[in-house]
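# Survey of secondary and tertiary structure
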Amino acid sequence: MSCTARFECPHCRTPLTPWDSPELTSWAGARQYVCFNDDCPYYVRGWAWMQEHFNVRASYRHRFDPATGETGPLPVWSPGALKDRIVERAERSGAPGSPRAEGARRGAGVPADQDEEESAHA
Ligand SMILES: [Zn+2]
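Residues numbered from 1 in each chain as written. Predicted model: local features only at pLDDT ≥ 70, side-chain atom pairs only at ≥ 80, totals over all residues.

Right, let's get into the overall build of the protein. Scanning the protein for helices and strands turns up 3 helices and 4 strands. Ordered by position from the N terminus, the helices and strands of the protein form the series β-β-α-β-β-α-α. Across the 122 residues in the protein, those meeting the buried criterion constitute 20%. In the protein, the share of contacts with a sequence separation of at least 24, taken over all contacts with a separation of at least 6, comes to 48%. (Helix = DSSP H or I, 4+ residues; strand = E, 2+ residues; numbered from the N terminus. Buried ≥ 20, exposed ≤ 12 C-beta atoms within 10 Å, placed from the backbone. Contact = placed C-beta atoms within 7 Å.)

Counting 11 residues, the largest nonpolar core consists of F7, C9, L16, W19, Y33, V34, C35, F36, F64, L74 and V76. Secondary structure elements with two or more residues in this core: β2 (31–34) and β4 (70–76). Not counting residues up to four positions away in its chain, the partners in contact with F64 are F7, L16, Q32, Y33 and T71. (Core = buried A, V, L, I, M, F, W, Y, C linked by C-beta atoms within 7 Å.)

This part covers the sheet that holds strand β1 (residues 17–20). Spatially, β1-β2-β3-β4 is the arrangement adopted by the 4 strands of the open sheet, whose pairing is antiparallel. Two strands lie at the open edges of the sheet, namely β1 and β4, each paired on one side alone. Sheet twist, expressed as the average angle between the axes of neighbouring strands with direction ignored, equals 45°. By the bridge criterion, 4 bridges tie β1 to β2 in an arrangement that is antiparallel. (Pairing = 2+ DSSP bridges. Axes fitted to C-alpha atoms, helices over the stretch in contact; angles between N-to-C directions.)

So, on to the pairing of β4. Across 7 bridges, the pairing between strand β3 (residues 59–65) and β4 is antiparallel. The partner of D65 across the bridge, within β4, is E70. The turn joining β3 and β4, which pair antiparallel and follow one another in sequence, is formed by 4 residues; a positive phi near 80° is taken by G69.

Within the secondary structure, W19 sits in strand β1. Between the C-alpha atoms of W19 and L82, which are 63 residues apart in sequence, the distance is 8.7 Å. When residues no more than four places from it in sequence are discounted, the contact partners of W19 are Q32, Y33, V34, R85, I86 and V87.

Notably, A28 is not glycine yet its phi reads approximately 50°, a positive angle. Mapping A28 onto the fold places it in the loop between β1 and β2. On the neighbour-count criterion, A28 (9 C-beta atoms within 10 Å) is exposed. Of note in this structure, L82 is not a glycine but carries a positive phi near 70°. Counting through the fold element by element, L82 comes out in the loop between β4 and α2 (99–108). The partly exposed category is assigned to L82, around which 18 C-beta atoms lie within 10 Å.

Here we come to the pairing of β3. Where burial is concerned, most of β3 is hidden: 5 out of the 7 residues are buried. The sheet contact formed by β2 and β3 spans 2 bridges and is antiparallel. Bridged to Y33 within β3 is F64.

The next point concerns the confidence of the model for the protein. Here the protein averages 79 in pLDDT, while 67% of its residues score no lower than 70. The low-confidence segment residues 92–99 (pLDDT under 50) makes 5 contacts with residues lying over four places distant or belonging to another chain. pLDDT under 50 marks residues 101–107. Its contacts with residues more than four places away, or in other chains, come to 12 contacts. (pLDDT = per-residue confidence, 0-100.)

Shown next, in the form of structure tokens:
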């Protein structure tokens, strides 16, 4: 029902976060939209999958490329990996509250209890 420019993760319904890809990746610095929800089932499953298949401690997050409309995995090596490149709300990153919840509610009407769960992990 959303007609805004927001995109949401098909795995956890969390609004995707604007993220600037590093120059050295195949996206060459282009803006991507990534699910940075640490409770996302896609991301949570990724740890076990990578361990089992490649014996490495890594996972991946859901990524959407607005330029091509394609989605794919964004490999990460830790829960905090790549988060320093998040575009939105970076200037508020010291806030004790949950600034993400505010944006999520405004954007997609995410239930409040989901936000509670997120901040409990932080
Ligand atoms: Zn997700």
